[in-house]
Each structure stands twice: as C-alpha cells, then as structure tokens.
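# Breakdown of the fold
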Amino acid sequence: SWVIGYILLALGLILASIGYFGMRRNYDSRIGLAGFVVGIITSVLFLLWTVWDYIAVFPINGSWMLVVYFEVTIYNIFFIMMILWGITHIITRRFTGRSGLSFATGIMLIMTAIFLEIFDMLLAFFLIWRFYGYPTGVLNWALEIFDLIWAFLFFVSEILATVLFFTAKVSESSVKPSY
C-alpha cells in the first residue's frame, strides 16, 4: 500500500506543479516557475525512491545509510517545493481575485513545510538511533505525530490550492493575444 501511496503522491505533485506553471504564465510569477520545476524534480525523485526501496537493492549490509540519505534529501527538496509554492500564493494574491484564500493557502503550505522538516529530522534521528540499538519509543511516537500533522496540513493546503486554481481570475493584462 505504501508503494501506491507514493505513486499517487508523485502523480499529485506533477498535477499540482502544472498549476504553479500556470501562475508563471498568468501572473508572471518566476517563483511559480521555480515551484513547478522543483515540484517535477520532487515527483521524479519520489518515484525513483519508491522503485529503489521496493526492489530493495541497496539496503543490504550497511548501505542502508545511502537509502536514508536519499530519503532525507527528497524530503528536504519537498520542503523547498512547499516553501516556493507558499511564497507563490502570497505574492500573487492580489491578482487572483481571492486574496484571502491565496494568502491562507500560502501560509498553510509554509506551515506544512515546517512540520515536514521536523518530521524529516525526527526520521533521520529515529533511523540512526535504531541502527545503533538505542531505545526509540518516544522518537517513534513523535515521528508518528509529526507525520500525521504534516500530511493533514498538506492535504488541506492542496484542497485550498485546488479551489483557488479553479476560482482565480486571470487579469486582462496577463492575457496574451494570439496571432
């Protein structure tokens, strides 16, 4: 089930990234373009990591640290993507016709990124402590809580972004004449 979850996450990120490419096209937001690029990169990395972890080629005999490093790196890129998406919503809020919704979406995405980064750090500590045989009960509990929080915030943020993308107004000055 986790494989299906990560594949759906990657596909959802690709679709959401297209919306941020539209922010570049409609509102001349270069941060939206950066969010699009980082979103596509994140999606591809999630797909590669899912295949890699499913095949389980490298987690054999001490190379598990490479898998942990790759996973933590992907989550850090995911963190950057959410910050870029949040900033895009905050910067373009005056153009969308839904300033409050755009601002709320941006703040939610940035809050999600913060909780994701806390989860990412806890995950790295958990995996390293478990490897060295230290007790991980409290870390496991904290990991589960922060995983639930960031996932919930991300889900709500994406619902807000979807509503915004479908209801935002494209200003007349950003419409390019077709020749």
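What comes next is a walk through the structure. (Residues numbered from 1 in each chain as written. Predicted model: local features only at pLDDT ≥ 70, side-chain atom pairs only at ≥ 80, totals over all residues. Heavy atoms only, no water.)

### Considerations on the overall build of the chain
Secondary structure assignment for the chain yields six helices and zero strands. When the helices and strands of the chain are listed from N to C terminus, the series reads α-α-α-α-α-α. The proportion of buried residues among the 179 residues of the chain is 39%. Looking at the chain alone, contacts between residues at least 24 apart form 73% of all its contacts between residues at least 6 apart. (Helix = DSSP H or I, 4+ residues; strand = E, 2+ residues; numbered from the N terminus. Buried < 20%, exposed > 50% of the residue type's maximum accessible area, 1.4 Å probe, protein only. Contact = heavy atoms within 4.5 Å.)

### Some remarks on the nonpolar core
In terms of nonpolar packing, the biggest core is built from 38 residues, with Leu13, Phe46, Tyr75, Phe78, Met82, Trp85 and Phe154 touching the most fellow members. Listing elements by their share of this core, those giving two or more residues are α1 (2–27), α2 (30–55), α3 (64–91), α5 (99–131) and α6 (137–167). The greatest single-element share of this core, amounting to 10 residues, is contributed by α3. Excluding its chain neighbours within four sequence positions, the residues that come into contact with Met82 are Leu109, Thr112, Ala113, Leu116 and Phe154. (Core = buried A, V, L, I, M, F, W, Y, C linked by side-chain atoms within 4.5 Å.)

### Some points on α5
Relative to the 48 Å expected for 33 residues at 1.5 Å per residue, α5 spans 48 Å between its end C-alpha atoms, a close match to the ideal helical length. Just downstream of α5 lies Gly133, where phi reads positive at about 85°. (Expected span 1.5 Å × (residues − 1).)

### Side note on the side chain of Thr42
Note that Thr42 resides in helix α2. Within the local environment of Thr42, its side chain forms a polar contact with the backbone oxygen of Val38, the two atoms lying 2.7 Å apart. Non-local contacts of Thr42, meaning those with residues more than four positions away in its chain, are made with Leu13, Ile77, Phe78 and Met81. (Polar contact = N/O pair within 3.5 Å; in protein donor to acceptor, adjacent residues only side chain to side chain.)

### Side note on the packing of aromatic side chains
Applying the stated criterion across every chain yields a total of 12 aromatic pairs. With a centroid separation of 5.4 Å and an interplanar angle of 70°, the aromatic rings of Phe78 and Phe154 are classed as edge-to-face. Here Phe78 is found in helix α3, whereas its partner Phe154 is found in helix α6, with 76 residues between them in sequence. For the residue pair Phe78 and Phe154, the accessibility class agrees, reading buried in each case. When the centroid spacing of 6.3 Å and the interplanar angle of 55° are considered together, the rings of Trp150 and Phe154 count as tilted. Of the two residues, Trp150 and Phe154 both sit in helix α6, four residues apart, roughly one turn of that helix. Accessibility assignment for this pair places Trp150 and Phe154 in one class, buried. (Phe/Tyr/Trp six-rings, centres within 6.5 Å; stacked < 30°, edge-to-face > 60°.)

### Digging into the packing of α5 against α6
Where α5 contacts α6, the two axes come as close as 8 Å, and the packing angle between them is 155°. Classified by the interaxial angle, the pair formed by α5 and α6 is roughly antiparallel. Along this stretch, α5 crosses α6, giving a crossing that reads as left-handed. (Axes fitted to C-alpha atoms, helices over the stretch in contact; angles between N-to-C directions. Parallel < 35°, antiparallel > 145°, perpendicular 65-115°, else oblique. Left-handed = near helix turned anticlockwise from the far one by under 90°.)

### Overview of the environment of Val68
Tracing the sequence through the fold places Val68 in helix α3. Val68 sits 56 residues away from Ala124 along the chain, and the two C-alpha atoms are 7.1 Å apart.

### Description of the side chain of Glu158
With respect to the secondary-structure elements, Glu158 resides in helix α6. Buried and unpaired, Glu158 has Arg98 as its nearest opposite-charge partner, separated by 17 Å. (Lys, Arg positive; Asp, Glu negative; His and termini not counted. Salt bridge = Lys/Arg side-chain N within 4 Å of Asp/Glu carboxyl O.)

### Brief notes about the environment of Thr112
Its place among the elements puts Thr112 in helix α5. With relative accessibility at 0%, the residue Thr112 sits in the buried group. When the C-alpha positions of Thr112 and Ser157 are compared, they lie 8.0 Å apart, and in sequence the two are 45 residues distant. Every residue in contact with Thr112, bar those within four places of it in the chain, is listed here: Met82, Trp150, Leu153, Phe154 and Ser157. A polar contact of 3.4 Å, which involves the side chain of Thr112, links it to the backbone oxygen of Leu153. At a separation of 3.4 Å, a polar atom in the side chain of Thr112 contacts the side chain of Ser157.

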